[in-house]
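A closer look at the structure
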Amino acid sequence: MPKKLLALVVAFCLFISVFFTAPVSQAIDTSSGNLDTITKQLADLNDALNKSIAATKPLQSELDKMKKQIDDIKNEVAAIEAATQIKEKEIENGYEDLAEKEKIIEGTVRNYYIHNYYNTPLLIFLSADDASEMTQTLAYQRAKTRQDKTIITNIALSIVDLEEKKQQLEQQQRWLTATKADLDEKSAKLDEVVKGAVAYQSELSGKIAELSAQQQAIITARSGGFTFTLGDNGLADEYIASLEGFKAQAPGGYFAAFSFGAYTHRKGMSQYGARGRAQAGQNTNQILKAYYGKEPTNVNTDGDISVSGYGSMNFETTYLYGIAEMPSSWHPEALKAQAIAARTYAHRYKSEGKEICTTESCQVFNKGKSDNPPQAWKDAVDQTKGQILEGVTTYYASTHGGFADPIGWDTTDGSGGSTFIDKSYDKLGGSPWLYKSWWRQGYSTSGATCGRSNPWLSPEEMADIVNAALALRNGGLDTSRITPVTTSCWPGNPYSMNELRSLVSGSISSATSVSVTQGNGTTNTVVINGISFSGSEFKTAFNLRAPGYLSIPQSGFAFFNIERK
């Protein structure tokens, strides 16, 4: 503002403060409500952001919400900034207008002083010729004075208004500068948090694949890293690992995990199922069609196959005679189905000129059996010579647990339900592993137990598995330490039961209840003490944390039950 104009305004204000007793007030719109709202939003956002950053692994959805909030506030700030620019222009125009009014107010203020000084009632009285003239002069002078006062007052109020608007504008500009800097800082921090959260989500989605080498070894060993070979050995089961043994001998309140099926991938033929079907009257072709969807065709299988460790040998009369995958005492139709499945599996290696291994990784070959094959098995191979299933990879395993891929329920009526075990072909075939609690290393009833005397879990041990499942679900811990506490057979540095319980949110100290729901060949949910897990989620935690060699030995699926006495 020009100094001369400012001096005039100050003088006028002092003057009217003496001569007039009724001050004039002016309402000012500072938009403070809007600024306060945004300031509060920023404070709330800052609090939420700090909490999210402080959290171990913030959720992506929350971060997206915060990012949107920052973007919304930035839009509001931009709108205020645009309005500020308009106000700044208005103030600039106002001062330009005041410059034009400077001459007017100079003359008006001068006249106002003159009128008030020279036109007092006494002077007018002395100079007037009569009362009428004096009255007219007084009225004129009073009207002129009021007009001067009005002009001066309006211009003065305009100046005051502009000064107040200028102060508001400067405050608003300072606020905008600080707010934009604050938003930029929060945006940068948020970007860092978002990147961390995205990486964490990626970690969660692949956490099983990224388990430590030790954990992956445990999972592989317990979840079907191999498919057991029946061979010609005698079969036996353990009473202590059966449901009957659990109910008769386990302490009250204890738990046991029972698997539907053994170490199995559940693909193709169940060997015990084939035996059950043969004993129920099905022939070889019916068995093969049930498990593979096709009947065999004849091809030329003359010639040799390359066998690891033995070199080249005749495909039919040496290699196939030595396949040790099914007891030769079983039903002839089951043996022939096995011979065709084994021939089909190996024929691909033969036709492609590849060497075939002699272990469960391919199919088991026994040179002693090949040199002196049992008559029943030799007959099965000879009677099916040249027969294969074209276009099929003939997977097979000992026991599928009543459900097979791709046929579904492997039962007498093709359906599941609560009685599927009783009507399964695995049971008709006499499988000792259809419903069993696995606690030894491998299949043998004399396998190592890691110092345990039974396959049962105390309420505290089951609670520990629940806590492990929660830790794997929630993250935030060193999950590589979620391994069996029995380090005598599983080396490592596992959390103790008390340590894990203290670190896991929502942990339990003792398992007191269990409920399991089964689906179409899979375990849908396991609920312990009201905490629900998917079947696969619980199986993973069980196979990582259960003590000793306790396991749910299935590869690629989860089909089991939890019993409580």
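Shown above is the structure to which this text applies.
Please read all numbers here as calculations on a predicted model, not as lab measurements.

About the thresholds
- Residues numbered from 1 in each chain as written.
- Predicted model: local features only at pLDDT ≥ 70, side-chain atom pairs only at ≥ 80, totals over all residues.
- Heavy atoms only, no water.
- Pairing = 2+ DSSP bridges.
- Helix = DSSP H or I, 4+ residues; strand = E, 2+ residues; numbered from the N terminus.
- Axes fitted to C-alpha atoms, helices over the stretch in contact; angles between N-to-C directions.
- Contact = heavy atoms within 4.5 Å.
- Core = buried A, V, L, I, M, F, W, Y, C linked by side-chain atoms within 4.5 Å.
- Buried < 20%, exposed > 50% of the residue type's maximum accessible area, 1.4 Å probe, protein only.
- Disulfide = S-S within 2.5 Å.
- Salt bridge = Lys/Arg side-chain N within 4 Å of Asp/Glu carboxyl O.
- Polar contact = N/O pair within 3.5 Å; in protein donor to acceptor, adjacent residues only side chain to side chain.

Concerning the sheet that holds strand E14 (residues 531-534)
- Taking strand neighbours across the sheet as the criterion, the three strands line up as E12-E13-E14 in an open arrangement whose pairing is antiparallel. The open sheet has two free edges, formed respectively by strand E12 (514-518) and E14, since each of these has just one partner strand. Adjacent strand axes in the sheet meet at a mean angle of 15° when their direction is disregarded.
- Here E12 runs beside strand E13 (residues 523-528); their pairing, made up of five bridges, is antiparallel. In the sheet register, Val 514 faces E13, and the bridge partner there is Ile 528.
- On the sheet, helix H15 (residues 459-474) packs against E13 and E14 and is oriented at approximately 65° with respect to E14.
- Here helix H17 (residues 535-545) sits on the sheet and contacts E13 and E14; the angle it forms with E14, its principal contact strand, is near 95°.

Quick notes on the nonpolar core
- Counting residues in each nonpolar core, the largest one holds 48 residues, and the members touching the most others are Met 462, Ile 528, Phe 538, Phe 542 and Ile 562.
- Of all the secondary structure elements, the ones that give two or more residues to this core are strand E1 (255-260), H15, E13, E14, H17 and strand E15 (560-564).
- Apart from the residues within four sequence positions on either side, Ile 528 is in contact with Met 462, Val 466, Ile 508, Ala 511, Ser 513, Val 514 and Phe 538.
- In terms of nonpolar packing, the next biggest core, distinct from the first, is built from 44 residues, Met 326, Ala 339, Tyr 349 and Ala 380 among them.

Quick word on the pairing of strand E4 (residues 304-307)
- Only one face of E4 is covered, namely the one carrying Ile 305 and Val 307; the face carrying Asp 304 and Ser 306 has none of its residues buried.
- With four bridges connecting them, E4 and strand E5 (residues 311-314) associate as antiparallel partners. In the strand pairing of E5, Ile 305 is matched with Met 313.
- Here E4 runs beside strand E6 (residues 355-356); their pairing, made up of two bridges, is parallel. Bridge pairing in E6 links Val 307 to Ile 356.

So, the state of the cysteines
- Scanning the entire structure with this criterion turns up two disulfides.
- Between Cys 450 and Cys 489 runs a disulfide, and the two sulfur atoms are separated by 1.9 Å. An S-S torsion of about -90° defines the bridge between Cys 450 and Cys 489 as left-handed. Taken together, the positions of Cys 450 in the loop between strand E11 (435-436) and H15 and Cys 489 in the loop between H15 and helix H16 (497-503) put the pair 39 residues apart, joining distant regions of the chain.
- Overall, the relative accessible area of 16% leaves Cys 450 in the buried class.
- Cys 489 gets classed as buried once you look at its relative accessible area, which sits at 16%.
- For the protein, numbering the cysteines in disulfides from first to last along the sequence yields the connectivity 1-2, 3-4.

Brief notes about the pattern of salt bridges
- For the structure shown, the criterion picks out 15 salt bridges.
- One salt bridge connects Glu 352 with Lys 354, and the closest N-O pair in it is separated by 3.1 Å.
- Under the relative-accessibility criterion, Lys 354 is labelled partly exposed at 43%.
- The partner of Asp 413 in a salt bridge is Lys 423, with the nearest N and O atoms 3.0 Å apart.

Quick look at the side chain of Glu 316
- Note on placement: Glu 316 falls in helix H10 (residues 315-319).
- Within the structure, Glu 316 has its side chain in polar contact with the side chain of Arg 343 (distance 2.8 Å).
- A polar atom in the side chain of Glu 316 sits 3.3 Å from the backbone nitrogen of Gly 386.
- When near neighbours in sequence (up to four residues on either side) are disregarded, Glu 316 contacts Thr 301, Tyr 321, Arg 343, Val 381, Lys 385 and Gly 386.

Topic: the sheet that holds E4
- The mixed open sheet is built from three strands, whose spatial order is E5-E4-E6. Of all the strands in the sheet, just E5 and E6 have a single pairing partner and so form its edges.
- Relative to the sheet, helix H11 (residues 332-352) contacts E4 and E6, its axis offset from that of E4 by approximately 95°.

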